[in-house]
Amino acid sequence: MINFILIVVFLVLGIVLQRVAAIPKNTPKILNWIVIQICLPALALYYIPKIQWNTQLLYPMLVAWIIFLLSWLVFALLGKHFGWSRKLTGCLIICSGLSNTSFLGFPIITALYGESGMKTAILVDQPGSFVVLSTLGILVATLYSKGQTSGLQIVKKIAFFPPFITFIIACLMNCYDYELPAFFQQGLKIIGAGVTPLALVSVGLQLQFDSKSKHWSFLRLGLFYKLLIAPAFLFLLYVVILQQRSEVIQVALLESAMAPMITGCILAASHGLKPKLCSMMVGFGIPISFFTLIFWYFLVQNI
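These figures come from a predicted structure and were not determined experimentally.

Reading the values: rules and limits
Residues numbered from 1 in each chain as written. Predicted model: local features only at pLDDT ≥ 70, side-chain atom pairs only at ≥ 80, totals over all residues. Heavy atoms only, no water. Helix = DSSP H or I, 4+ residues; strand = E, 2+ residues; numbered from the N terminus. Buried < 20%, exposed > 50% of the residue type's maximum accessible area, 1.4 Å probe, protein only. Contact = heavy atoms within 4.5 Å. Salt bridge = Lys/Arg side-chain N within 4 Å of Asp/Glu carboxyl O. Axes fitted to C-alpha atoms, helices over the stretch in contact; angles between N-to-C directions. Parallel < 35°, antiparallel > 145°, perpendicular 65-115°, else oblique. Left-handed = near helix turned anticlockwise from the far one by under 90°.

Colleague: Where do I start with unusual backbone geometry in this structure?
Modeller: Both trends apply: most residues other than glycine have a negative phi, and most peptide bonds are in trans. Backbone geometry places Asp 177, a non-glycine residue, at a positive phi of 55°. With respect to the helices and strands, Asp 177 occurs in the loop between helix 7 (162–175) and helix 8 (182–192). For Asp 177, a relative accessible area of 69% puts it in the exposed group. Positive phi, normally seen in glycine, also occurs at Lys 274, with a value near 50°. Mapped onto the elements, Lys 274 comes out in the loop between helix 12 (262–270) and helix 13 (275–300). Judged by its relative accessible area of 23%, Lys 274 is partly exposed.

Printed below as a string of structure tokens:
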């Protein structure tokens, strides 16, 4: 419950700070930079070395990859058909293609499934959502934020993206069964904990409740995909086609139905991909997802 309260508190704080004249206009950009360049790498170094790999983990690990690639396909086709701008298309791909599998996902899954569910949730988040954000996310952000980008520029952008660098380091630590001393791990955990408050304040600073905004129809479309179409596709694939009905699958499906990832929307906004729409995807997606998650929970309980 405390996590849900904090979501509201920090989001409202950002909205309130919009009216404080002393707050610099570039504050959201500064907060975004801190989240992406400092907090996310800390999370990678803390969590990934602790993961124990085996082939049965593929189902939860692939959740984020499937959702993102499907989002890319759907919105690229829609964008081409309706003549959307590249920035709008890129925004919808990233914001609708990444789930909030940690800050929202972890407490919800823990409350519903306990420690065993949390082990699966970490797999959906770290080798799944986090790596997709650090690779495909930065790829889409780069491709759709500029008109022409060479393959070398894209490779350099990914290779020198701090969360990706630390992901590679963390994977090597995992392979060699090495973890940092407890003192450093505690520091990483504290730094990583800054992701949610900083990101939510940034979102709140940019969130506008403008009834005449041209973004409402795209907001509805993006959330329709994220909260309904994406989990429905995974349900069809995992349960109906592959006949998987374990608790691991239930947790994976619920994680896929979470609201848009805060840091994913931050990444899109930091690349100039419709920042206002990015903020709306988070600001409205989180409360709406609480209702759609009830539907998905009762559905997966009956598989």
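Colleague: Sorry if this is basic, but what is going on with the side chain of Thr 263 here?
Modeller: For Thr 263, the position within the fold is in helix 12. With a relative accessible area of 6%, Thr 263 lands in the buried category. Apart from the residues lying within four places of it in its own chain, the contact partners of Thr 263 are Val 35, Leu 40, Leu 133 and Val 195.

Colleague: Got a minute to help me understand the pattern of salt bridges in this structure?
Modeller: For side chains bearing opposite charge, pairing can occur when the charged atoms are close. Following the criterion strictly, the structure yields 1 salt bridge and no others. Measuring nitrogen to oxygen at the nearest pair gives 3.8 Å for the salt bridge that ties Lys 50 to Glu 179. With Lys 50 in the loop between helix 2 (27–47) and helix 3 (58–82) and Glu 179 in the loop between helix 7 and helix 8, this pair connects stretches of sequence that are 129 residues apart. Judged by relative accessible area, which is 37%, Glu 179 ranks as partly exposed.

Colleague: I'm lost on the packing of helix 2 against helix 8 in this one. Help?
Modeller: Angle between the axes and distance between the axes: these two values describe a pair of packed helices. It is at 8 Å that the axes of helix 2 and helix 8 come closest, and there the two elements cross at 140°. One finds that helix 2 runs oblique with respect to helix 8. Between helix 2 and helix 8 the crossing geometry is left-handed. Here Ile 38, Cys 39, Ala 42, Leu 43, Leu 45 and Tyr 46 of helix 2 come into contact with helix 8, specifically with Gln 185, Leu 188, Lys 189, Ile 191 and Gly 192.

Colleague: What is the right way to read helix 12 from this model?
Modeller: Given 3.6 residues per helical turn, the α-helix brings residues three or four places apart onto the same face. The buried fraction of helix 12 amounts to 8 of the 9 residues, a majority that puts the element mostly inside the structure. Close packing links the buried residues of helix 12 with helix 2, helix 4 (86–97), helix 5 (105–145), helix 9 (195–206) and helix 13. Of the residues trailing helix 12, Gly 272 is marked for its positive phi of about 75°.

By themselves these figures say nothing about function.
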